Amino acid sequence: MSHTLGIRQAQKQKTRQALLDAALRLLEEQSLSSLGLREVTRAVGVAPTAFYRHFRSTADLGVALVEEALGSLHPMIRTTVSAVDDHDERATHAVELITRHVDAYPAHVRFIARERHGGVQPVREAIREQLARFTEEVRTELAKDRESEGWSDDDLLMLAGLYVDQMLVTASQFLETLDAPEEERRRVTRLAIRRLRLIGLGRAHWRDGTTP
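Now for a look at the structure at hand. (Residues numbered from 1 in each chain as written. Predicted model: local features only at pLDDT ≥ 70, side-chain atom pairs only at ≥ 80, totals over all residues. Heavy atoms only, no water.)

As for the packing of helix H4 (residues 58-70) against helix H8 (residues 121-142)
(1) Moving on: At a minimum axis distance of 8 Å, the contact between H4 and H8 shows a crossing angle of 20 degrees. Considering their axes alone, H4 and H8 lie roughly parallel with respect to each other. Crossing of H4 against H8: the hand is right-handed. Note on element contacts: H8 touches H4 through Pro122, Val123, Ala126, Ile127, Gln130 and Phe134, opposite Ala59, Gly62, Val63, Val66, Glu67 and Leu70.
(2) Moving on: Its residues assigned to classes, the contact of H4 with H8 shows nine nonpolar, two polar and one charged. (Axes fitted to C-alpha atoms, helices over the stretch in contact; angles between N-to-C directions. Helix = DSSP H or I, 4+ residues; strand = E, 2+ residues; numbered from the N terminus. Parallel < 35°, antiparallel > 145°, perpendicular 65-115°, else oblique. Left-handed = near helix turned anticlockwise from the far one by under 90°. Contact = heavy atoms within 4.5 Å. Nonpolar A, V, L, I, M, F, W, Y, C, P; charged D, E, K, R; others polar.)

Concerning the layout of surface pockets
(1) Moving on: What the largest pocket holds in volume is close to 320 Å³.
(2) Moving on: Among the secondary structure elements, those contributing two or more residues to the lining of the largest pocket are H4, helix H5 (74-80), helix H6 (87-104), helix H7 (106-115), H8 and helix H9 (153-175).
(3) Moving on: Considering every element that reaches the lining of the largest pocket, the biggest residue donor is H9, with six residues.
(4) Moving on: By residue class, the composition of the lining of the largest pocket is 16 nonpolar, three polar and one charged. (1 Å grid on protein atoms, 1.4 Å probe; cavity = no way out; pocket = protein on both sides within 12 Å on 5 of 7 lines; lining within 4 Å. Points joined across faces, edges and corners; volume = space filled by probe spheres on them.)

Structural notes on the packing of aromatic side chains
(1) Moving on: The tally for this structure, following the rule as stated, stands at two aromatic pairs.
(2) Moving on: Taking 5.6 Å as the distance between ring centres and 80 degrees as the angle between the ring planes, the aromatic pair formed by Phe51 and Tyr52 counts as edge-to-face.
(3) Moving on: A relative accessible area of 0% places Phe51 in the buried class.
(4) Moving on: Relative to Phe55, the ring of Phe51 has its centre 5.6 Å away and its plane inclined at 45 degrees; by these criteria the two rings are tilted.
(5) Moving on: Here the aromatic residues Phe51, Tyr52 and Phe55 are joined through ring pairs into a cluster of three or more. (Phe/Tyr/Trp six-rings, centres within 6.5 Å; stacked < 30°, edge-to-face > 60°. Buried < 20%, exposed > 50% of the residue type's maximum accessible area, 1.4 Å probe, protein only.)

Here's the deal with the packing of H4 against H7
(1) Moving on: Relative to each other, H4 and H7 sit at 125 degrees, their axes nearing to 10 Å. For the element pair H4 / H7, the angle class is oblique. Note on packing geometry: the crossing formed by H4 with H7 is left-handed. Between H4 and H7, the residues in contact are Gly62, Leu65, Val66, Glu68, Ala69 and Leu70 and His108, Phe111 and Ile112, respectively.
(2) Moving on: Broken down by class, the residue content of the contact of H4 with H7 amounts to six nonpolar, two polar and one charged.

Quick word on the pattern of salt bridges
(1) Moving on: Counted under the stated rule, the structure contains 15 salt bridges.
(2) Moving on: Between Asp145 and Arg90 there is a salt bridge, with its nearest N and O atoms 2.9 Å apart. Here the residue Asp145 occupies a position in the loop between H8 and H9, and Arg90 occupies one in helix H6, the gap between them amounting to 55 residues.
(3) Moving on: A salt bridge links Glu183 to Arg186, with the nearest nitrogen and oxygen atoms 3.0 Å apart. Residue Glu183 and its partner Arg186 are located together in helix H10 (residues 182-205), separated by three residues, close to a single helical turn.
(4) Moving on: The class of Glu183 is partly exposed, set by a relative accessible area of 41%.
(5) Moving on: Several salt bridges share partner residues, and in doing so they unite Arg90, Asp145, Glu147 and Arg203 into one network. (Salt bridge = Lys/Arg side-chain N within 4 Å of Asp/Glu carboxyl O.)

What follows is the structure, given as structure tokens:
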């Protein structure tokens, strides 16, 4: 009996993942607000009623895609700002990690970039919650740095938000260069590193008595 239940559960999980994968492929060319569940089930080869065994709606499916796209990134995001004294090294390391992720998961990155300000409210909220978690986690890592001595929690959270926002911008820019000449990718890489360095340099002088 337990063996049969195990097989059914595995099949159910396989179908659920197939629906997520099909939706992600379809979302390469359209927004979630225009995606119909019949499109998704047709792509998987299951009846439309089967969709509701896994998701309440396409919005619910979109929230699951947000978790799939961003949920596993928390360790990587923390690593990008791990305790490294050298600003250049930190910036270069962060950009390398982002580049590798975009190259490996372009469809996920495109989905987040499009739906972050899209028309499906539960999905926008899910993305916002994930980004808020990233910001809190980055703040925790930044607080470990010697440079953070004397910083308030609010200032550290502001700094963490700058890093997270820049990481998102960098990911979006790399997404646009997937099929571009190598020189264009190098240009985007240089610009991304310089921007992160600028944030680091600004941080070094934020508490030097010249700021409010």
